[in-house]
Amino acid sequence: MNVPQIQIQTTRAVLGLQITKPTQEIEQPSATLTQEQPAAILEMSTTKPQLSIDTTEARADLDLKSSSRRIAENAQYGEQSVQEGIGRRAQEGQQLAAIENGGNAIVEIIKQNTTPTPKQLGIRFVGNSMKIQTSFQPGSLDIKVTPQKAINNVQINKPIHHYNQGKVTGEMEQWNSIQIDFKY
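1. Looking at the overall build of the chain
A count of helices and strands for the chain gives 3 helices and 12 strands. Here the C-alpha radius of gyration of the chain, 66 Å, is well above what a compact globule of 184 residues would show, namely 16 Å. Dimensions of the chain along its principal axes, counting C-alpha atoms only, are 220 × 30 × 20 Å. Contacts spanning at least 24 positions in sequence make up 92% of the contacts within the chain whose residues lie at least 6 apart. Carbon and sulfur atoms make up 54% of the accessible area of the chain, which amounts to about 17100 Å² in all. In the chain, the 18 positive side-chain charges and the 18 negative ones have mean positions that sit 3 Å from each other.

2. A short note on the pattern of salt bridges
In the structure shown here, the tally under the stated rule is 6 salt bridges. The network of salt bridges with common partners includes Glu57, Lys65, Arg69 and Glu73.

3. A short note on the packing of helix α2 (residues 67–97) against helix α3 (residues 105–114)
Packing of α2 against α3 leaves a shortest axis separation of 9 Å and a crossing angle of 155 degrees. In terms of axis orientation, α2 runs roughly antiparallel to α3. As for the relative orientation of α2 and α3, their crossing is right-handed in sense. Contacts from Arg88, Glu92, Gln95 and Leu96 in α2 reach Ala105, Ile106, Ile109, Gln112 and Asn113 in α3.

4. Focus: the side chain of Glu92
Within the secondary structure layout, Glu92 lies in helix α2. Here Glu92 is in contact with Ile109 and Asn113, once residues within four sequence places are set aside.

5. A look at the environment of Val168
In this fold, Val168 is placed in strand β11 (residues 167–174). Beyond its immediate stretch of four places on either side in the chain, Val168 contacts Leu17, Gln18 and Ile19.

6. Concerning unusual backbone geometry
For Asp63, which is not a glycine, the phi torsion comes out positive at approximately 65 degrees. With respect to the secondary-structure elements, Asp63 resides in the loop between α1 (56–61) and α2. Given a relative accessible area of 44%, Asp63 falls into the partly exposed group.

7. A short note on a nonpolar patch on the surface
Residues Ile6, Ile8, Ile178, Ile180, Phe182 and Tyr184 make up a contiguous nonpolar surface patch of about 750 Å² in total accessible area. The biggest single contributor to the nonpolar patch is strand β12 (residues 177–183), with 3 residues. Among the secondary structure elements, Ile8 is positioned in strand β1 (residues 5–11).

Thresholds applied
Residues numbered from 1 in each chain as written. Predicted model: local features only at pLDDT ≥ 70, side-chain atom pairs only at ≥ 80, totals over all residues. Heavy atoms only, no water. Helix = DSSP H or I, 4+ residues; strand = E, 2+ residues; numbered from the N terminus. Rg over C-alpha atoms; globule rule 2.2 N^0.38 Å. Contact = heavy atoms within 4.5 Å. Areas by Shrake-Rupley, 256 points an atom, 1.4 Å probe, with all protein chains shown as cover. Lys, Arg positive; Asp, Glu negative; His and termini not counted. Charge placed at Lys NZ, Arg CZ, Asp CG, Glu CD. Salt bridge = Lys/Arg side-chain N within 4 Å of Asp/Glu carboxyl O. Axes fitted to C-alpha atoms, helices over the stretch in contact; angles between N-to-C directions. Parallel < 35°, antiparallel > 145°, perpendicular 65-115°, else oblique. Left-handed = near helix turned anticlockwise from the far one by under 90°. Buried < 20%, exposed > 50% of the residue type's maximum accessible area, 1.4 Å probe, protein only. Patch = residues over 30% accessible without salt bridge, like charges linked within 9 Å, V, L, I, M, F, W, Y side chains within 5 Å.

This is the structure in structure tokens:
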């Protein structure tokens, strides 16, 4: 006996996909940075030191005197010599006036005026460094520094972004099908 048969044959559908990949490019430029450092402000003020050296008395010991001082000393010496001369003449006059009392007043006066006083020989050191007078006023230095702040200018650059969108297209490479056969 023949039994009817049903034969079913199916073909599945095949979908073909065409894919174009997306591309993306990102570039990040560096930030633009400008820096500047102004120089610090430097102020200095000084007071000069002063050194005074007075060698007047030390030079006078070496007989290196100024003309005004030499004139003053000579005037004083002249006045003193005049006073001594007046005193000596007065004394001689009194000795001559007392001649009647006896004695040789004239001989004594001549001996006094013609006999020099004995001089002493020896070494004499001139100049004394202790007579040099010095005075010193120290100077000063004042330094004032004013720092300046750094100047930073930063400019942020945006990223450069290129994007190409991907694409997917589908095509049926094979269509689905069903075949049914009956066999008796």
